[in-house]
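Read off the chains here:
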Amino acid sequence: GAVVSQHPSRVICKSGTSVKIECRSLDFQATTMFWYRQFPKQSLMLMATSNEGSKATYEQGVEKDKFLINHASLTLSTLTVTSAHPEDSSFYICSVLGADTQYFGPGTRLTVL
Amino acid sequence: GENVEQHPSTLSVQEGDSAVIKCTYSDSASNYFPWYKQELGKRPQLIIDIRSNVGEKKDQRIAVTLNKTAKHFSLHITETQPEDSAVYFCAAVSSGSARQLTFGSGTQLTVLP
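Rules and cut-offs
Residues numbered from 1 in each chain as written. Chains lettered and ligands numbered in written order. Predicted model: local features only at pLDDT ≥ 70, side-chain atom pairs only at ≥ 80, totals over all residues. Heavy atoms only, no water. Phe/Tyr/Trp six-rings, centres within 6.5 Å; stacked < 30°, edge-to-face > 60°. Buried < 20%, exposed > 50% of the residue type's maximum accessible area, 1.4 Å probe, protein only. Helix = DSSP H or I, 4+ residues; strand = E, 2+ residues; numbered from the N terminus. Lys NZ or Arg CZ within 6 Å of the ring centre and 35° of its normal. 1 Å grid on protein atoms, 1.4 Å probe; cavity = no way out; pocket = protein on both sides within 12 Å on 5 of 7 lines; lining within 4 Å. Points joined across faces, edges and corners; volume = space filled by probe spheres on them. Pairing = 2+ DSSP bridges. Axes fitted to C-alpha atoms, helices over the stretch in contact; angles between N-to-C directions.

Q: Sorry, what's going on with the packing of aromatic side chains here?
A: The geometry of two aromatic rings is summed up by the distance between their centres and the angle between their planes. Across all of its chains, the model carries ten aromatic pairs over all chains by this definition. Ring geometry for Y25 of chain B and F33 of chain B: centres 4.7 Å apart, planes at 45 degrees, overall tilted. Its relative accessible area of 0% is what places F33 of chain B among the buried residues. Note on Y36 of chain B and F103 of chain B: the rings are 5.7 Å apart at their centroids and 50 degrees apart in plane angle, and the pair reads as tilted. Here Y36 of chain B, found in strand 4 (residues 30-38), pairs with F103 of chain B, found in strand 10 (residues 101-103); they are 67 residues apart in sequence, far enough to count as distant. Overall, the relative accessible area of 1% leaves Y36 of chain B in the buried class. The residue whose ring lies beneath K66 of chain A is F67 of chain A, and the NZ or CZ to ring-centre distance is 5.8 Å.

Q: Even after reading the chapter, I still don't get empty space enclosed by the protein, so can you show me in this structure?
A: Empty pockets left among the atoms are what a rolling probe the size of a water molecule brings to light. Overall, the coordinates contain one cavity of 30 Å³ or more when judged by the stated rule. Its boundaries defined by the atoms lining it, the largest cavity holds a volume of some 40 Å³. Lining the largest cavity, in full, are L97, D100, T101 and Q102 of chain A together with Y32, V93, R99 and L101 of chain B.

Q: Explain the sheet that holds strand 7 (residues 62-67) of chain B here, please?
A: For sheets, the rule is that strands pair by backbone hydrogen bonds, running either parallel or antiparallel. All names here are of chain B. Read across the sheet, five strands follow the order 1-3-8-7-6 without closing on themselves; strand pairing throughout is antiparallel. Of all the strands in the sheet, the pair left with one neighbour each is strand 1 (4-7) and strand 6 (56-59). Ignoring strand direction, the axes of neighbouring strands in this sheet form an average angle of 15 degrees. As judged from the four bridges shared by strand 6 and strand 7, these two strands associate in the antiparallel manner. Bridge assignment links K58 to a residue of strand 7, and that residue is A63.

In short, the description is geometric, and any link to function would need to be established separately.
Rendered as structure tokens:
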């Protein structure tokens, strides 16, 4: 399967600042990547589908102007949480769509103070 | 869209006993059903999957069954061990959804020594 990395693994920021999370596919050219958010003791909720070279597709209820996604290459997708607030604190996980299934990154724990 | 329901939300078993987790899905076009194990703060790990042309699949102590008519699928873990303790998620992928995963709500499995 694909090897997926995320950076940073943990980030703490002040309310109102922006945070960028990187998702890299290390050994697979990823046309499609997905971004999920997971609150404590809850399931993974799909935020958006990131397509290389085109605009991301956002799920209902996810603000595209707040969660900016860029997928400029086949190995990198970024998620920027703009003007972060405490309610954005969560575990953000990306995944890469392989031939058969999705391969997940290790996740980024975002804490907004 | 697809809706996946998962039961139970928590499950405690004695070491050596079997554990069964059940999921139902709503979209008859779904054709791929993976199961993930997630330990606290870690990424989901694919443990087994099944496609809609198969009724049962087994991998050592883990098995998955699929009933397409009833639209439900189940995870069976036999001879449970303490290291099986984790949160387990079922998921479904619809053939018409750009391979998006819809997750169940998760089951916290605790194996008591």
